[in-house]
Amino acid sequence: MPARLRVFLNQEEDRTLFELRTALAVSQKVKDRAEVVRLNSRGWYKEKMEMLYKC
């Protein structure tokens, strides 16, 4: 099993991703990806995020 990847963001990167997540002119796919990266930087992993995004 491969090692889990973890993203580390500085404040500016986090703010940029937050702005993408809330922008009106950005597709939902990009918004979701920005949020996934932010959640990963806070310690969330795939299994926990799957529960959040399950439809």
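Before any of the text, the structure's been laid out above.
These figures come from a predicted structure and were not determined experimentally.

1. Section: the packing of helix α1 (residues 11-22) against helix α2 (residues 28-41)
Across the interface, α1 lies against α2 with an axial gap of 8 Å and an inter-helix angle of 145°. Here α1 and α2 pass one another in a crossing that is left-handed. Within the contact between the two elements, α1 uses Asp 14, Leu 17, Phe 18, Leu 20 and Arg 21 and α2 uses Gln 28, Val 30, Lys 31, Asp 32, Ala 34, Glu 35, Val 37 and Arg 38. A breakdown of the residues in the contact of α1 with α2 according to their chemical character gives six nonpolar, one polar and six charged.

2. Remarks on the packing of aromatic side chains
With the rule as written, the count across this model stands at zero aromatic pairs. Across the ring face of Trp 44, the terminal group of Lys 48 is positioned such that the distance to the ring centre comes to 4.5 Å.

Calculation notes
- Numbering of residues starts from 1 in every chain and runs along the sequence as written.
- Whole-chain, interface and lining totals are the exception, using all residues; otherwise, since this is a predicted model, local features are given only for residues with pLDDT of at least 70 and side-chain atom pairs are given and counted only at 80 or more.
- Each side-chain value is worked out from all heavy atoms of the structure, with water and hydrogens disregarded.
- To define axes, lines are fitted to C-alpha atoms, for helices over the stretch in contact only, and angles between the resulting N-to-C directions are given on a 0 to 180 degree scale.
- Only DSSP runs of H or I with at least four residues qualify as helices, and only runs of E with at least two residues qualify as strands; both kinds are numbered from the N terminus onward.
- Helix crossings get a hand from a simple test, with the near helix turned counterclockwise from the far one by less than a right angle marking a left-handed crossing and a clockwise turn marking a right-handed one.
- Residues are treated as being in contact if the distance between any of their heavy atoms lies within 4.5 Å.
- Three residue categories are used. Nonpolar comprises Ala, Val, Leu, Ile, Met, Phe, Trp, Tyr, Cys and Pro, charged comprises Asp, Glu, Lys and Arg, and polar comprises the others, including Gly.
- Any two rings among Phe, Tyr and Trp, with Trp reduced to its six-membered ring, count as a pair given centres within 6.5 Å; such a pair is stacked if its planes are under 30 degrees apart, edge-to-face if over 60, and tilted if neither.
- The criterion is that NZ of a Lys, or CZ of an Arg, lies within 6 Å of the ring centre and within 35 degrees of the ring normal, and then a charge sits over that ring.

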